[in-house]
Amino acid sequence: MKWEFPGRVAVGMRARDLDGRITYVNPAFCHMVGWSADELVGSMPPMPYWLPEDMEKTYALHRAVLRGDAPPDGFEIVFRRKNGERFHALVYEAPLIESDGRHTGWMASVLDVTERKKAEELARQHQEKLQRTSRLITMGEMASTLAHELNQPLSAIASYATGCLNRLAAGDAKVEELTAPLTKLGVQAQRAGHIIRRIHDFVRKSDPLVAPCALNRVVEGAMGFLEAEARKRAIRVDLELDPRDPQVEADRILIEQVVLNLARNAMEAMGQTPAAERILDVTVESADGLAVVRVADQGGGIAPEVAESLFTPFFTTKSEGMGMGLNICRSIIESHRGRLWFEPNPDGGAIFQFTLPEKLS
Ligand SMILES: Nc1ncnc2c1ncn2[C@@H]1O[C@H](COP(=O)(O)OP(=O)(O)OP(=O)(O)O)[C@@H](O)[C@H]1O
Ligand SMILES: [Mg+2]
């Protein structure tokens, strides 16, 4: 049976004597560089896996190791494989001490970190993209953002106020009857204030007010704000929370905004849906360190030509729409290291969903 070498995860080991001659290499090291142990053991510098254009630098490093001056935290170097391929290696050098205490050479552990390098590069690119996304929200857009987000509490305030006035006009208003709507009105006014403060902070690029919070509670809270509107539109809201009660590090007001926006879009999408099918499914789930919030509607779904521009600022198909909702949602979720996307709903309509990393406890 051929012995399958487990590849990149293994640590290469290479021993050298005090003169710098290779005295031992393990199979992982041979696999990394592509030369066999027979070819390597006994070699003196320059080693075949050194880069021809970096000879001087590599010699200098080699001499430092032999002097005992190798960086204690290891060093990174590019080596070449026998097939010409290059790879990033992370090397740790330690003295080889015999049982009688004699120092006979140096043992290096060598890790192929090419994959890790690639991952780091990806992370860096993603970070840049994130910054670009955040920068998208410029001062001009902030005005739209505020207008957009404030619409909700302001229209609620207006409708509570109208309700109270109607009661008063009818002449049979009891004080107790007015207490509840006026209290709700107050809550909405406070909410409006919160939104202004939080979004203002967000735009000013101060870090969002991130704190541990229970995602179930955040989603529940957001959906609470939409009860009245759902009733008005005769939409049944099915809220399914995660029994595992996932915790996330998040700015809860901003995440609430996202849920509100997605749920409001979903409700608006069901204007033409027959009443019996007007169901809004909101689900919180978590698995493998990732929490997911799903907002599924049974509306008309997303047409392909709409799909492309959905997240573009000011894109809207609605006469009254501002078209900032989804753009802001995505910026907010990405600034929390999450992802936001949509899929067609197999039951008809669209499913908008976002992830957030679960807080490690
Ligand atoms: N659940 C959905 N089903 C179908 N289309 C959707 C859905 N959500 C969003 N869209 C489409 O995406 C567009 C952009 O949504 P977005 O929330 O950014 O802005 P808007 O809802 O049009 O306006 P605003 O949110 O500013 O009032 C909408 O106009 C609509 O065409
Ligand atoms: Mg919207």
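Refer to the structure printed above.
What counts, and at which threshold
Residues numbered from 1 in each chain as written. Chains lettered and ligands numbered in written order. Predicted model: local features only at pLDDT ≥ 70, side-chain atom pairs only at ≥ 80, totals over all residues. Heavy atoms only, no water. Axes fitted to C-alpha atoms, helices over the stretch in contact; angles between N-to-C directions. Helix = DSSP H or I, 4+ residues; strand = E, 2+ residues; numbered from the N terminus. Parallel < 35°, antiparallel > 145°, perpendicular 65-115°, else oblique. Left-handed = near helix turned anticlockwise from the far one by under 90°. Contact = heavy atoms within 4.5 Å. Near = heavy atom within 4 Å. Polar contact = N/O pair within 3.5 Å; in protein donor to acceptor, adjacent residues only side chain to side chain. Areas by Shrake-Rupley, 256 points an atom, 1.4 Å probe, with all protein chains shown as cover. Buried < 20%, exposed > 50% of the residue type's maximum accessible area, 1.4 Å probe, protein only. Salt bridge = Lys/Arg side-chain N within 4 Å of Asp/Glu carboxyl O.

What is the right way to read the packing of helix H7 (residues 215–224) against helix H9 (residues 252–269) from this model?
Geometry of a packed helix pair, given as the angle between the helix axes and the separation of the axes. At a closest axis distance of 9 Å, the pairing of H7 and H9 adopts a crossing angle of 50°. Our classification of the angle between H7 and H9 gives oblique. In this structure, the crossing between H7 and H9 has a hand that is right-handed. For the pair H7 and H9, the contacting residues are Leu-215, Arg-217, Val-218, Val-219, Gly-221, Ala-222 and Met-223 in the first and Arg-252, Ile-255, Glu-256, Val-259, Leu-260 and Ala-263 in the second.

Looking at this structure, how should I read the site of ligand 1?
Not every one of the 20 residues close to ligand 1 is listed here, only the nearest: His-148, Asp-297, Thr-316, Thr-317 and Lys-318. At a separation of 2.8 Å, a nitrogen atom of ligand 1 approaches a polar side-chain atom of Asp-297. One of the backbone nitrogen or oxygen atoms of Leu-326 is found 2.9 Å away from an oxygen atom of ligand 1. Relative to its unbound accessible area of 600 Å², ligand 1 is 92% covered by the protein chains. Elements with a minimum of two residues in the shell around ligand 1: H9 and helix H11 (325–335). Take the shell around ligand 1: its biggest share by element is four residues, from H9.

Can you walk me through unusual backbone geometry in this structure?
Apart from glycine, the bulk of residues carry a negative phi angle, and the bulk of peptide bonds sit in the trans form. Following Pro-45, the chain continues into Pro-46 via a peptide bond in cis, with omega recorded as 0°. You will see that Asp-288, though not glycine, has its phi angle at about 50°, which is positive. Assignment of secondary structure puts Asp-288 in the loop between strand E9 (279–287) and strand E10 (290–296). For Asp-288, a relative accessible area of 82% puts it in the exposed group. Positive phi, close to 60°, is recorded for Arg-337, a residue that is not glycine. Looking at the secondary structure, you find Arg-337 in the loop between H11 and strand E11 (340–344).

For this particular structure, what's the right way to read the pattern of salt bridges?
Close approach of charged atoms allows side chains of opposite charge to pair. Using the criterion set out here, one finds 21 salt bridges in the structure. In this structure, the salt-bridge partner of Lys-57 is Asp-54, at a minimum N-O distance of 3.9 Å. The partner of Arg-294 in a salt bridge is Glu-285, with the nearest N and O atoms 3.3 Å apart. A relative accessible area of 37% places Glu-285 in the partly exposed class. Residues participating in the shared-partner salt-bridge network are Arg-14, Arg-16 and Glu-93.

Can you help me understand the side chain of His-336 in this one?
Within the secondary structure, His-336 sits in the loop between H11 and E11. Classification of His-336 by relative accessible area gives buried; the value is 5%. In this structure the side chain of His-336 is engaged in a polar contact, spanning 2.8 Å, whose partner is the backbone oxygen of Ile-332. Discounting chain neighbours no more than four positions away, the residues touching His-336 are Glu-249, Ala-250, Asp-251, Leu-254, Ile-255, Leu-356 and Pro-357.

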